[in-house]
Amino acid sequence: MDDLSPTKEDYIKVLFELGGRFNRVSNKEVSNRLDISPPTVTEMMNSLVKVEWVEYTPYKGSILTDKGTEYAKEIIRKHRLWEVFLFEKLGFDIEDVHAEAELLEHTTSDDVADKLESYLGYPEYCPHGGAIKIDLMDMQEDYTFTISEAKAGTEVVISRIVDEEKLLKYFKNQHLNIGDRITVTDIDSSIDLITLTAEEDKEIQISISLGNYLFVEPI
């Protein structure tokens, strides 16, 4: 793999964010998120199996091992701490912090991460709603679900958006932001469409596929 390819850490982080703790994630989903070819994903999954971070079944997808899950959490924690720093201390726009944090997370030691967390006042969430503390990550994963998993008529609040620049800009343009209260009006799988009602009865429509990246909790 060339130097521009995502590292092993990026793969397990994406698997974690796509629900890979408990459910198998397809190579296609990983390929789409990292914008790389499916054969490259397959090659990397086989490498991750060798270091015992992933269990991979051809044509069915990958699931994180306990070892891979714990390592993914540590990388995600560092990433989210840097996002808070860039957003709150350096004044970066919220949709721009992800790319910078991607560069910093891989070179951040545990000691630096701990001191950064202390300096920031032990924040609980990153600007995109992701939990920072390891135990809080577990709680968040347990009580949140994607908007695509909600039933019609359910009222929810947006709690987290998968941390990827294009997704963040898309949801921002759709006026879907952290903390917004919305109602799932209709889900039509035949045309891959979710209809939402936001404040002031504004109607918003997104695809079910993209809804998998928008995490909510019931009100």
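Calculation criteria
- Positions within a chain are numbered from 1, following the residues in the order the chain's sequence is written.
- Owing to the predicted nature of the model, reporting of local features is limited to residues with pLDDT of at least 70; listing and counting of side-chain atom pairs is limited to 80 or more, with chain, interface and lining totals taken over all residues.
- Heavy atoms from the whole structure form the basis of all side-chain values; hydrogens and water molecules are not counted.
- Salt bridge criterion: a side-chain nitrogen from Lys or Arg within 4 Å of a carboxyl oxygen from Asp or Glu.
- Helix and strand definitions follow DSSP, with helices as H or I runs of at least four residues and strands as E runs of at least two, each counted in order from the N terminus.
- For each residue, the accessible area found with a 1.4 Å probe, counting protein chains only, is set against the maximum for its type, and the residue is called buried under 20%, exposed over 50%, and partly exposed in between.
- Strand pairing requires that DSSP identify at least two bridges connecting the strands.
- Should any heavy atoms of two residues lie within 4.5 Å, those residues are considered in contact.
- Geometry is summarised by axes, namely lines fitted to C-alpha atoms with helices restricted to the contacting stretch, and by angles between N-to-C directions that run from 0 to 180 degrees.
- Roughly parallel means an angle under 35 degrees; roughly antiparallel means over 145; roughly perpendicular covers 65 to 115; every other angle is labelled oblique.
- Each crossing gets its hand from how the near helix is turned against the far one by less than a right angle, where anticlockwise is left-handed and clockwise is right-handed.
- For every residue, the predictor states its confidence as a pLDDT score lying anywhere from 0 to 100.
- Side-chain atoms within 4.5 Å link the members of a nonpolar core, which is a set of buried Ala, Val, Leu, Ile, Met, Phe, Trp, Tyr and Cys residues.

**Remarks on the pattern of salt bridges**
Taken as a whole and judged by the stated rule, the model has 11 salt bridges. A salt bridge links Lys73 to Asp138; the shortest N-O distance between them is 2.7 Å. One end of the pair, Lys73, is in helix H4 (residues 66-89); the other, Asp138, is in helix H7 (residues 134-143), with 65 residues separating them in the sequence. Judged by its relative accessible area of 3%, Lys73 is buried.

**Remarks on the pairing of strand E8 (residues 214-218)**
Looking along a regular strand, one sees the side chains alternate between the two faces of the sheet. Alignment of strand E3 (residues 145-146) against E8, held across two bridges, turns out to be antiparallel. Each residue of the ladder has a partner; that of Thr146, found in E8, is Phe215. Across five bridges, strand E4 (residues 155-161) lies against E8 in antiparallel orientation. Across the sheet, the residue bridging to Val156 is Pro218, located in E8.

**Digging into the environment of Ser159**
Mapped onto the secondary structure, Ser159 falls in strand E4. Residues Ser159 and Phe215 lie 56 residues apart in sequence; the distance between their C-alpha atoms is 5.9 Å. Residues in contact with Ser159, not counting those within four places in the same chain, are His128, Gly129, Gln140, Thr144, Ile178, Phe215, Val216 and Glu217.

**Observations regarding the sheet that holds strand E6 (residues 193-197)**
Spatially, E3-E8-E4-E5-E6-E7 is the arrangement adopted by the six strands of the open sheet, whose pairing is antiparallel. Single-partner strands in this sheet number two, and they are E3 and strand E7 (203-206). Relative to strand E5 (residues 181-188), E4 is paired through three bridges, and the arrangement is antiparallel. Residue pairing in the sheet places Val156 in a bridge with Ile182 of E5. Taken strand by strand, helix H8 (residues 165-173) contacts E4, E7 and E8, and its axis lies near 155 degrees from that of E7.

**Considerations on the packing of H4 against helix H5 (residues 97-105)**
For any two helices packed against each other, the geometry comes down to the angle between their axes and how far apart the axes lie. Where H4 contacts H5, the axes come no closer than 8 Å and their chain directions differ by 130 degrees. Classified by the angle between their axes, H4 and H5 sit oblique to one another. In this structure, the crossing between H4 and H5 has a hand that is right-handed. In this structure, H4 uses Ile75, Lys78, His79, Trp82, Glu83, Leu86 and Phe87 to contact H5, whose residues at the interface are Val97, His98, Glu100, Ala101, Glu102, Leu104 and Glu105.

**Regarding the confidence of the model for the protein**
Atom-level detail of predicted coordinates should not be read off regions where pLDDT is low. In this model, the protein carries a mean pLDDT of 90, and residues with pLDDT of at least 70 account for 97%. Of all helices and strands in the protein, the one with the weakest mean pLDDT is H7 (84), whereas helix H6 (residues 110-119) scores best (97). Note on residues 1-5: pLDDT under 50 across the span, and five contacts to partners over four residues away in sequence or across chains.

**Digging into the nonpolar core**
Counting residues in each nonpolar core, the largest one holds 45 residues, and the members touching the most others are Tyr11, Met45, Val54, Ile147, Leu176 and Leu196. No other element matches helix H1 (residues 8-17), which puts five residues into this core. In terms of nonpolar packing, the next biggest core, distinct from the first, is built from 12 residues, Leu81, Phe85, Ala101 and Leu120 among them.

**Let's talk about unusual backbone geometry**
Despite not being glycine, Glu52 shows a phi value in the positive range, around 65 degrees. Here Glu52 is to be found in the loop between helix H3 (38-50) and strand E1 (54-57). Phi is positive for His175, close to 60 degrees, though the residue is something other than glycine. Residue His175 is classed as partly exposed on the basis of its relative accessible area of 46%.

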